[in-house]
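Here are the chains, one letter per residue:
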Amino acid sequence: MKRTASAGKRYPLRDVEEPLFFRDIFPYTEIPRVPFDGKAVPMEQPAGIWITDTTFRDGQQSRPPYTADQVVRIYRLLHELDGDSGVIRQCEFFLYSAADKEAVRRCMEIGCRYPEVTGWIRAKKEDFQLVREMGLRETGILTSCSDYHIFLKLHWTRRQAMDNYLGIVRAALDAGIIPRCHLEDATRADFYGFVVPFAQELMRLSDESGIPIKIRVCDTLGYGVPFAEAALPRSVPKLFHGLRREAGVPAERLEWHGHNDFHKVLVNAVAGWLYGCSAANGAILGFGERTGNPPLEGLVMEYLSLRGPAPGLDTTVITRIARYFQDEIGVVIPPNYPFVGLDFNTTKAGIHADGVLKNEEIYNPFDTVRLLRRPVRVSITDKSGIAGIAYWIDAYLGTEGDRRMDKRDPGLMRIKKRIDEEYAAGRTTGISDEEMLHFARIYLPRLFKSDFDRLKSRVTSMARHIVEEAAEREEIRSMDPARIEPLLRAMLGDQPFVKYLYVTDRGGRKITPNIVRPGDQETYDAYFTDGFDFSNRSWYLRPMETGESRVSDFYTSLMDGALCITVSAPVRGEDGTIAGVLGVDILFEDIAKM
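Residues numbered from 1 in each chain as written. Predicted model: local features only at pLDDT ≥ 70, side-chain atom pairs only at ≥ 80, totals over all residues. Heavy atoms only, no water.

1. Describing the packing of helix α1 (residues 68–82) against helix α10 (residues 316–329)
Here is step 1: At a closest axis distance of 9 Å, the pairing of α1 and α10 adopts a crossing angle of 165 degrees. When the axes of α1 and α10 are compared, the pair comes out roughly antiparallel. Relative to α10, α1 is oriented so that their crossing is right-handed. In this structure, α1 contributes Gln-70, Arg-73, Ile-74, Leu-77, Glu-80 and Leu-81 to the contact, and α10 contributes Val-317, Ile-318, Arg-320, Ile-321, Tyr-324, Phe-325, Glu-328 and Ile-329.
Here is step 2: Across the contact of α1 with α10, the residue classes tally to 9 nonpolar, 1 polar and 4 charged. (Axes fitted to C-alpha atoms, helices over the stretch in contact; angles between N-to-C directions. Helix = DSSP H or I, 4+ residues; strand = E, 2+ residues; numbered from the N terminus. Parallel < 35°, antiparallel > 145°, perpendicular 65-115°, else oblique. Left-handed = near helix turned anticlockwise from the far one by under 90°. Contact = heavy atoms within 4.5 Å. Nonpolar A, V, L, I, M, F, W, Y, C, P; charged D, E, K, R; others polar.)

If you want it as structure tokens, here you go:
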């Protein structure tokens, strides 16, 4: 889209000898001030607004890295949430590690239009090689703009900073890549002395090149405020009003990236939308460095409140995303977390519960069943009866269809009896979720996964990933014992939970020596001789038959009585056919502790 030239004046860079730290606003030894200048800027919503995602970039800076499989699954869920509506328009990724690159490749292979896969790199020319290698159309570039960063971190002058940044942008343009300049710490920066001059230079380069350079305004420490009458640099409305009117940046090339240090992360993103910025950047569940980014699910709801229904956008996927994070990744979501927390639409006060049972609109914010597949929940009392107890269990566990509780279930009868006994003894308060969960675990244990089940699932996933990755290594695919042995011994040293490693040929005969812990060597050598035939073992047969990895059930080692699992994966030759099987015996207790 062609840019409308700025009607404002040219703002030259204000190169200063001493950094400007705004000590009257940011005294450091006290809570930062919010100055008001008495001048309000007008609200100016862009024609189009949308959401961009940073779950796999800023979101990963706050937690252990996602595996490539997890990234692909989350990316698919984001696509299903968007439903080709274009509301969730882009996702940004790191490009540095092998796991990052694998995740990017696999997400791009899915072929979704939305969200588009974009990159994030440092302001270094050599990093563009990563962007080109991945075949990305756009990348974010770190361009810090406050004197805190320019003087104290980078040890540059403002002129050096601008010249270096513009050089990086030119390198992107020369490579035909859309640069997205991330103005780090913009809410502590000299707006007219650095931000606007830099933005004007970026728009000049954009006009010359015909490539739409984008600007992301980053509220790195959450200093932004949503007030139109507040003064710069903290006023989000004034930041975007100035970038549009003074620097001539089109709304569709502006983006807001906030942090929640002062609990304003969502309202500031909405202020960005209202005052001239098209894109609001967020992350699933608000994960992000320190206090986090705008929660993507919250941005979806704010978008709908401003623009109404978007064809294709499926809000019920928000609940599926939350369950994936809880069940598969192990994230603990606070019960009172909006939209996805267990108690989000639970009414606990007795008088409120009575109102909900008469008409759920009285205390339910919207039709949570239709929009989130989250039925209204209420606390249990002596008036709830069998039907109320069954309803609580179905709502708590999210059971649907044929899995819903049968009111004739003996376990329900026992729970009702326990509740009746509580009130017969003089109880007047409702039964808490914790108490109900305790009763349900006692009388309806079949409905629950145990902590051991969850632990086993996570251990299985971790072990499978390690072995599958090893089976793809060149050394193992060579089927040359001399090349395989050093790699397996390195794995034994790196992974303290590994007990025994081995590779068989197509016929099931062991081609490697017994690679075990030093104290076990003699025992294993006596039992598993060279060329030992494993062809009747299920861990060998399944990968050969299906071409997929396999994780065994638990078993007790014949060697020392330890509780173990065996993980095996097919080894494929250069032509893709299965040449053998890699097997690893793992000490369950040791890997579980990790």
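That covers the picture; the talk isn't over yet.
2. Quick look at the packing of aromatic side chains
Here is step 1: Following the criterion strictly, the structure yields 33 aromatic pairs and no others.
Here is step 2: Summarising the aromatic geometry, the rings of Phe-339 and Phe-366 are spaced 6.4 Å apart at their centres and angled 40 degrees between planes, so their arrangement reads as tilted. Remark: Phe-366 occurs in the loop between α11 (350–358) and α12 (368–372) and Phe-339 occurs in the loop between α10 and β9 (346–347); sequence separation between them is 27 residues.
Here is step 3: A relative accessible area of 17% means that Phe-339 is categorised as buried.
Here is step 4: Each member of the aromatic cluster is reached from another via a ring pair, and the members are Tyr-500, Tyr-502, Tyr-524, Tyr-527, Phe-528, Phe-532, Phe-534 and Trp-539.
Here is step 5: The lysine or arginine in question, Arg-89, covers the ring of Trp-50, its NZ or CZ lying 3.8 Å from the ring centre.
Here is step 6: Directly above the ring of Tyr-148 sits Arg-188, whose terminal nitrogen or CZ lies 3.7 Å from the centroid. (Phe/Tyr/Trp six-rings, centres within 6.5 Å; stacked < 30°, edge-to-face > 60°. Buried < 20%, exposed > 50% of the residue type's maximum accessible area, 1.4 Å probe, protein only. Lys NZ or Arg CZ within 6 Å of the ring centre and 35° of its normal.)

3. Re the pattern of salt bridges
One side chain can pair with another of opposite charge once the charged atoms of both are near each other.
Here is step 1: Applying the stated rule across the entire model yields 37 salt bridges.
Here is step 2: Taking the shortest distance from any N to any O, the salt bridge between Glu-92 and Arg-57 comes out at 3.6 Å. Of the two residues, Glu-92 is situated in strand β2 (residues 88–93) and Arg-57 in the loop between β1 (50–53) and α1; the sequence distance between them amounts to 35 residues.
Here is step 3: Close ionic contact of Asp-520 with Lys-499 constitutes a salt bridge, the shortest N to O distance being 3.9 Å. Remark: Lys-499 occurs in strand β11 (residues 498–505) and Asp-520 occurs in the loop between β12 (515–516) and α19 (521–527); sequence separation between them is 21 residues.
Here is step 4: Residues participating in the shared-partner salt-bridge network are Arg-57, Glu-92, Glu-138, Arg-180, Lys-214, Arg-216 and Glu-255. (Salt bridge = Lys/Arg side-chain N within 4 Å of Asp/Glu carboxyl O.)

4. Section: helix α18 (residues 481–494)
Here is step 1: In this model α18 runs 20 Å from its N-terminal to its C-terminal C-alpha over 14 residues, within 8% of the 20 Å that 1.5 Å per residue would give.
Here is step 2: Residues Ile-484, Leu-487, Leu-488, Met-491 and Leu-492 constitute the buried set of α18. Seen from one end, α18 has its buried residues packed into an arc of 145 degrees, which puts them on one side. Residues Ala-482, Gly-493 and Asp-494 are exposed on α18 and point more than 90 degrees away from its buried face. (Expected span 1.5 Å × (residues − 1). Arc of directions from axis to C-beta.)

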